[in-house]
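# Structural overview
Residue strings, one per chain:
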Amino acid sequence: MALFQSSTSAVPAVASVPRHVAMIMDGNGRWAKKRFLPRVAGHKQGVETIREMVKACLDLGVEYLTLFAFSSENWRRPPDEVSFLMGLFIAALEREVVKLDEKNVRLRLIGRRDRFAPEIVRAIETAEARTQGNQGLTLTIAADYGGRWDILQATRALLRDRPDFAAEQEIDEEALTPYLAMAYAPEPDLFIRTGGEARISNFLLWQLAYTELYFTDVFWPDFDRGQLDLAIASYRQRERRFGRTSEQLKDAAC
Ligand code: IPE
Ligand code: IPE
Ligand code: MG
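Computed from a prediction, not measured in an experiment: that's the story for all the values here. (Residues numbered from 1 in each chain as written. Chains lettered and ligands numbered in written order. Predicted model: local features only at pLDDT ≥ 70, side-chain atom pairs only at ≥ 80, totals over all residues. Heavy atoms only, no water.)

### As for the site of ligand 1
Selection rule: Proximity criterion: a residue is near a molecule or strand once any of its heavy atoms comes within 4 Å of it. Contacts described as polar in this section are N or O atom pairs within 3.5 Å, which, within protein, must combine one atom able to donate a hydrogen with one able to accept it, while residues neighboring in sequence count only if both atoms come from side chains. Working definition of accessibility: Shrake-Rupley area with a 1.4 Å probe, residue cover restricted to the visible protein chains. Labels follow the DSSP assignment, with helices taken as runs of H or I lasting at least four residues and strands as runs of E lasting at least two, numbered in each case from the N terminus.
Taken together, 13 residues lie near ligand 1, and Met25, Asp26, Arg30, Arg39 and Arg77 sit nearest. In the model, an oxygen atom of ligand 1 is placed 2.9 Å from a nitrogen or oxygen of the Gly29 main chain. Computed on the free molecule, ligand 1 has an accessible area of 380 Å², of which 87% lies beneath the protein chains in the complex. Contributing elements (two or more residues each) for the shell around ligand 1: α1 (28-34), α2 (39-60) and α3 (79-102).

Spelled out as structure tokens, the structure:
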């Protein structure tokens, strides 16, 4: 049984504060380039924005914040940049976990773990274990994550658990969704991508089916609380119809 209802099986409740916000943190390199700094200076500055977003989401009452930190395709970057990002990742995990724990934040990592160095895997496991009982905000970091990988790993896990599946028709949403990496969270209400690109870049492909999409040209290191408020204000203007007509929504509200 899935913990949360799927937006394609049932119409989810809509609140004025998005319950789940998912973000692609893009534009670090260009932020640095504009300042004649090396690209990695943008990644370093980007960690400050993560801190600010966690604080803002706690204040606003957002329950789930999901951040795309490293995609399955980001391994294609120059080795120096990849290794800087890995170093930053482990340092941030080790440094921030105490503060996150104090703020009652539950930290989760989604993505492949088998391509990370053992010390990164250890830092992830320690951080997750330390914060697992927290109930304030669930902060998910997607690292070595790809939406296609997620759907495939879920399918494989389902078939492993239930090799006796009699008919292929039995594989439906209900059966598959508990195996997706984010089965512990409702689907995102609001998706934000900074940095000016209007694409999903293999982020949460399945889970974004009915998410409201928001794209901004602001580079991630410049994204702040005010920018988040603008995104939420835009979200509040949207009519989330989930396949129905506008008239049906108005009738239901009367
Ligand atoms: C996002 O910023 C961070 C990661 C993908 C790790 P970029 O590094 O993609 O910055 P741009 O897009 O080159 O400006
Ligand atoms: C997407 O950013 C991945 C993360 C932010 C981690 P990229 O900058 O790697 O995306 P593409 O490749 O330009 O689409
Ligand atoms: Mg980019």
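### A word on the site of ligand 2
Ile24, Met25, Asp26, Phe68, Ala69, Phe70, Ser71, Asn74, Arg77, Arg193, Arg199 and Ser201 make up every residue found near ligand 2. In the environment of ligand 2, an oxygen atom lies 3.1 Å from a nitrogen or oxygen atom belonging to the side chain of Asp26. Here Ser201 contributes a side-chain N or O atom positioned 2.5 Å from an oxygen atom of ligand 2. Compared with its free state, where it exposes 390 Å², ligand 2 has 79% of that area covered by protein.

### A word on the pairing of strand β5 (residues 190-193)
Put simply, the rule is: For the exposure calls, accessible area comes from a 1.4 Å probe over protein chains only, and a residue counts as buried if that area is under 20% of its type's maximum, exposed if over 50%, partly exposed in between. One requirement defines pairing of two strands: DSSP has to find at least two bridges between them.
Side chains Leu190 and Ile192 project from β5 onto one buried face, and the interleaved Phe191 and Arg193 project onto a second face that is buried too. Examined bridge by bridge, strand β1 (residues 20-24) and β5 share 4 bridges and lie parallel to one another. If you follow Val21 over to β5, its bridge partner there is Leu190.

### Some points on the pairing of strand β4 (residues 137-145)
When you tally the buried positions in β4, you get 9 out of 9 residues, the bulk of the element. Bridging between strand β2 (residues 64-71) and β4 involves 7 bridges; their strand directions are parallel. The partner of Ser71 across the bridge, within β4, is Tyr145. The pairing of strand β3 (residues 105-110) with β4 spans 6 bridges and is parallel. The residue bridging Arg108 from the neighbouring strand is Thr140, located in β4.

Note that all results are geometric; they support no functional claim without further evidence.
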